[in-house]
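The residues making up each chain are set out below.
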Amino acid sequence: MGIPILGESLQFLHKKAKFFEEKRKEHGNIYKTHLFGRPTIRISGKKNLEKLFAAENKLLQSLGFFLFQACKAKEELKNLFLKRIKEDGKSCSQQFPAVLEKFCKSQNSEFDNDDLLNGIFELIFNAGETTSTSAMCALIHLSKHPEVLEKLRQELSNVDLLAPPEENNNSEVEVTAEIFSKLPYLDCVYKELLRVTPAVGGAYRRVLKTFELEGYTIPEGWTVVLGIRDTHELDSNLDDPLTFNPDRWMQADSSKISFFPFASGPRRCPGKGYAHLILKLFIIKLCQQCNWTLSEPNPEMVAMPTPRPKNKLMCSFNQREYNKE
Ligand code: HEM
């Protein structure tokens, strides 16, 4: 558990995701550590996560995004917003009337400046970082796997999504909601993207009531991290869980794949549908309109705080001609 007060925080800050990897190799699916003044238990494994996400508010309580909670930038941004509101001499409800009205109606209550700003920040942080991280990872995976990009383009071509504008009254073919159901391979690519490089690596919870798991006692008051990334990486149902291989989602038993990118249970991501839409549209537009080259064809990735290239990575885009490579 490391040195007093600091526990293993320094090792964690130095090694980041590798810290958890080493612990997992040594201790398995459930192990304890001491991070940032809190005794913490990290738990992985499909069955364990299914069980614990379902026990939300009974055994566990959400701590929100760890990074978000810890983020000093949040306080600074909030102060800037409040200063701006004061300068304008308007209250928060006048600044954001539509948002506030919606919030109040849905909660049947009044919100003050602080509540509203917290809500707005939660949305900005949760929505922005996750989708942009995933979009960047899509660029990297598709660049490293040209055969996947080719297969995707073939699927889009089958539903005329690669048709040049001149074949469609000189406008781009519209992507409609119905068309997604005709793009099963796109769905596989999207899922594999979130499986191999999940934007949120773990869900942080406080233990409400002591319970037993795999023979271990998980004590009340401790912090538990439900390891989303670890569970994806350790999936014993998969041949090579670390490899980006969208075809695995085509297999009949794909329901057995460990897959928790949006968590699960009452606190699962409310932006899941929106993320589906944005990321699938992003991939479609990439396939339709771009060819791109990375400055490093096989960039080394790190997983924390979010999946990203370890070193600076440049991407140059060229407009793609319709129906041409
Ligand atoms: C690829 C994109 C995204 C991923 C992988 C993702 C993942 C997650 C995960 C794992 C959680 C649960 C964390 C926990 O249980 O502690 C979460 C919560 C949340 N997400 Fe997302 N998210 C994504 C996009 C979005 C978008 C686009 C929005 C908003 C439009 C959004 C809004 C939220 C909010 C508000 C919460 C907190 C819910 C709560 O505490 O009850 N997310 N997200």
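Described in the following lines is the structure provided in the data block. (Residues numbered from 1 in each chain as written. Predicted model: local features only at pLDDT ≥ 70, side-chain atom pairs only at ≥ 80, totals over all residues.)

## Description of the overall build of the protein chain
Where we set the bar: Going along the chain from the N terminus, every DSSP run of H or I of four or more residues is numbered as a helix, and every run of E of two or more is numbered as a strand. Here a residue counts as buried when 20 or more other C-beta atoms fall within 10 Å of its C-beta, as exposed when 12 or fewer do, and as partly exposed in between; the C-beta atoms come from the backbone. Whether two residues are in contact is decided by their C-beta atoms, placed from the backbone, lying within 7 Å.
Counting its secondary structure elements, the protein chain contains 12 helices and 11 strands. Counting every position in the protein chain, which comprises 325 residues, the buried fraction comes to 23%. Within the protein chain, contacts between residues at least 6 apart in sequence are counted, and of these 66% link residues at least 24 apart.

## Section: the site of the ligand
Short version of the rule: Note on definitions: a residue is near a molecule or strand provided its C-beta atom, placed from the backbone, lies within 6 Å of it. Ten residue types, Ala, Val, Leu, Ile, Met, Phe, Trp, Tyr, Cys and Pro, are classed as nonpolar, four, Asp, Glu, Lys and Arg, as charged, and the remainder, Gly among them, as polar.
By nearness alone, 24 residues border the ligand, and Asn 126, Ala 127, Thr 130, Cys 269 and Gly 271 come closest of all. Mapped by element, the contributors of at least two residues to the shell around the ligand are α8 (113-144), β4 (202-207) and α12 (272-289). For the shell around the ligand, the element with the most residues is α8, which contributes seven residues. Class assignment of the residues belonging to the shell around the ligand gives a composition of 15 nonpolar, seven polar and two charged.

## Quick look at the nonpolar core
Note the threshold: What makes a nonpolar core is a set of buried Ala, Val, Leu, Ile, Met, Phe, Trp, Tyr and Cys residues, with links drawn between C-beta atoms within 7 Å.
One finds Leu 152, Val 189, Tyr 190, Leu 193 and Ile 283 to be the most contacted residues of the largest nonpolar core, which totals 22 residues. With seven residues, helix α10 (residues 184-196) is the largest single contributor of residues to this core. The residues touching Leu 193, leaving out its near neighbours within four places in the chain, are Ser 134, Cys 137, Ala 138 and His 141. Of all hydrophobic cores here, the second largest spans 16 residues; its members include Ile 41, Val 200, Ile 218 and Leu 226.

## Here's the deal with the sheet that holds strand β7 (residues 223-227)
Our working rule: For two strands to pair, DSSP has to find at least two bridges joining them. Lines fitted to C-alpha atoms define the axes here, with helix axes fitted over just the stretch in contact, and angles between the N-to-C directions of these axes take values from 0 to 180 degrees.
Within the open sheet, the five strands sit side by side as β1-β2-β7-β4-β3. Their pairing is mixed. Sheet topology places β1 (30-35) and β3 (60-62) at the edges, where each strand pairs with a single neighbour. The mean angle between the axes of side-by-side strands here comes to 35°, regardless of whether they run parallel or antiparallel. Both strand β2 (residues 38-43) and β7 contribute to a ladder of four bridges, which runs parallel. When the sheet's bridge partners are listed, Arg 42 is paired in β7 with Val 225. Contacts from helix α3 (residues 46-54) reach β2, β3 and β7, with the element oriented near 130° to β7.

## What about the pairing of β7?
With respect to burial, β7 is a largely interior element, five of its five residues being buried. Note: β4 against β7, five bridges, orientation antiparallel. By the bridge assignment for β7, Gly 202 is matched with Gly 227.

## Details of the packing of helix α9 (residues 146-158) against α10
Direction vectors running N to C along α9 and α10 enclose 145°, while the axes themselves pass 8 Å from each other. Residues Val 148, Lys 151, Leu 152 and Glu 155 of α9 form the contact with α10, whose own contacting residues are Tyr 185, Leu 186 and Val 189. Taken together, the residues of the contact of α9 with α10 break down into five nonpolar, no polar and two charged.

## Considerations on unusual backbone geometry
In this model, Asn 57 sits at a positive phi of 70°, which is unusual for a non-glycine residue. Assignment of secondary structure puts Asn 57 in the loop between α3 and β3. Of note in the backbone geometry, Ala 263 takes a positive phi value of approximately 60° without being a glycine.

## Observations concerning the pairing of β1
Consecutive residues of a regular strand have side chains that alternate between opposite faces of the sheet. Pairing of β1 with β2 involves six bridges; the strand directions are antiparallel. The residue bridging Lys 32 from the neighbouring strand is Ile 41, located in β2. The hairpin turn running from β1 into β2, its antiparallel successor, is two residues long, and Phe 36 in that turn takes a positive phi close to 50°.

Limitation: the analysis is restricted to geometry and does not speak to function.
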